Amino acid sequence: MALRSDWSRRNCSMARGLDILGDPWTILVLREVFFGNGRFDAMKSRLEVADSVLTKRLAGLVESGLLTKRAYDDGGRTRGEYVLTEKGEDALPVLNAVTIWSEKHLPAPSEQAHMYVIHSGCGQRTSSADTCTHCGDRLTAANTSWHSQTRTPSPVELATAASPKGTAA
């Protein structure tokens, strides 16, 4: 899922990673799935994205092995929702790093436009993408919450590969 060209066979690990994770829509789709928002219509609404863009990013994330599609019953109609794989869950530090960097260096357009990474184990906000800066525990999807003030007044537990959450706010 390259931005301009195929970087999947480059000799640089960063380039190969950017081949999958280097597109902003891809990161935002992963954000939604971590928030437990893995249904197409809900993602489309939250992201305000065209069907074609979302369809392409979801297909790329499934093809890359970061997401899988699981069937669910929507009142008599079988539909699909996207859930994290272990490979997808391992992308959490990347999303945490972008969030923490943005909070540190970019002005928010309003007081509500903040998102914080919270270690659920100790309940503290962290300034590290992979380790709680308060207690030192390693951050995982199972012990991390995100507090997006535009979504909810309280932190939201993240979906994991083992147990995706219900549809998020």
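Asker: Looking at this model, I keep getting lost on the pairing of strand β2 (residues 78–84). Mind explaining?
Answerer: Where a strand is regular, its side chains alternate between the two sheet faces. Sheet analysis places strand β1 (residues 67–73) next to β2, joined by seven bridges and oriented antiparallel. Paired with D73 across the strands is T78, a residue of β2. Counting the residues that bridge the hairpin from β1 to β2 gives four residues, and of these G75 lies at a positive phi of roughly 65°.

Asker: Help me out: how do you make sense of the side chain of N143 in this one?
Answerer: With respect to the helices and strands, N143 occurs in the loop between β4 (124–125) and β5 (144–148). Residue classification places N143 among the buried residues on the basis of a relative accessible area of 19%. A polar side-chain atom of N143 sits 2.9 Å from the main-chain carbonyl oxygen of R138. Engagement of the side chain of N143 in a polar contact is seen with the side chain of T144, the distance being 3.2 Å. Filtering out sequence-adjacent residues up to four positions away, N143 remains in contact with I118, H119, S120, G121 and R138.

Asker: Hey, could you run me through the packing of aromatic side chains in this one?
Answerer: By convention here, two paired aromatic rings are described through the distance between centres and the angle between planes. Throughout the structure, instances matching the rule amount to two aromatic pairs. Centroid distance F34 to W146: 5.7 Å. Interplanar angle 55°. Geometry classified as tilted. With F34 in helix α2 (residues 24–34) and W146 in strand β5, the pair connects residues that are 112 residues apart, well separated along the chain. Judged by its relative accessible area of 1%, W146 is buried. Taken together through their ring pairs, the aromatic side chains of F34, F35 and W146 make up a single cluster. For the cation-ring pair, R39 lies above Y72, with the distance from its terminal atom to the ring centre recorded as 3.7 Å. In this structure, R151 is placed above the aromatic ring of F35, and the distance from its NZ or CZ to the ring centre is 3.9 Å.

Asker: For this particular structure, what's the right way to read the pattern of salt bridges?
Answerer: Oppositely charged side chains can pair when the atoms bearing their charge come close. Applying the stated criterion to the full structure yields eight salt bridges. With a shortest N-O distance of 3.0 Å, R70 and E81 are connected by a salt bridge. One end of the pair, R70, is in strand β1; the other, E81, is in strand β2, with 11 residues separating them in the sequence. Within the structure, one salt-bridge network assembled from shared partners comprises R31, E32 and R151.

Asker: I'm lost on the sheet that holds strand β3 (residues 115–119) in this one. Help?
Answerer: In a beta sheet, neighbouring strands pair by backbone hydrogen bonds and run either parallel or antiparallel. Strand order across the open sheet formed by four strands is β4-β3-β5-β6, with antiparallel pairing between neighbours. Looking at strand neighbours, the two that pair on one side only are β4 and β6 (156–157), the edges of this open sheet. Bridge count between β5 and β6: two bridges; the pairing is antiparallel. Paired with W146 across the strands is V156, a residue of β6. Relative to the sheet, helix α6 (residues 92–105) contacts β3 and β5, its axis offset from that of β3 by approximately 125°.

Asker: I'm lost on the packing of α2 against helix α3 (residues 40–47) in this one. Help?
Answerer: Axes are the key here: two packed helices are described by the angle between their axes and the distance separating the axes. Contact geometry of α2 with α3 gives a least axis separation of 10 Å together with a crossing angle of 120°. In this view, α2 runs oblique relative to α3, as classed from their interaxial angle. Every pair of crossing elements has a handedness; the one defined by α2 and α3 is right-handed. Between α2, through W25, L28, V29, R31, E32 and V33, and α3, the contact on the second element is made entirely by M43, R46 and L47. A breakdown of the residues in the contact of α2 with α3 according to their chemical character gives six nonpolar, no polar and three charged.

Thresholds applied
Residues numbered from 1 in each chain as written. Predicted model: local features only at pLDDT ≥ 70, side-chain atom pairs only at ≥ 80, totals over all residues. Heavy atoms only, no water. Pairing = 2+ DSSP bridges. Helix = DSSP H or I, 4+ residues; strand = E, 2+ residues; numbered from the N terminus. Buried < 20%, exposed > 50% of the residue type's maximum accessible area, 1.4 Å probe, protein only. Polar contact = N/O pair within 3.5 Å; in protein donor to acceptor, adjacent residues only side chain to side chain. Contact = heavy atoms within 4.5 Å. Phe/Tyr/Trp six-rings, centres within 6.5 Å; stacked < 30°, edge-to-face > 60°. Lys NZ or Arg CZ within 6 Å of the ring centre and 35° of its normal. Salt bridge = Lys/Arg side-chain N within 4 Å of Asp/Glu carboxyl O. Axes fitted to C-alpha atoms, helices over the stretch in contact; angles between N-to-C directions. Parallel < 35°, antiparallel > 145°, perpendicular 65-115°, else oblique. Left-handed = near helix turned anticlockwise from the far one by under 90°. Nonpolar A, V, L, I, M, F, W, Y, C, P; charged D, E, K, R; others polar.

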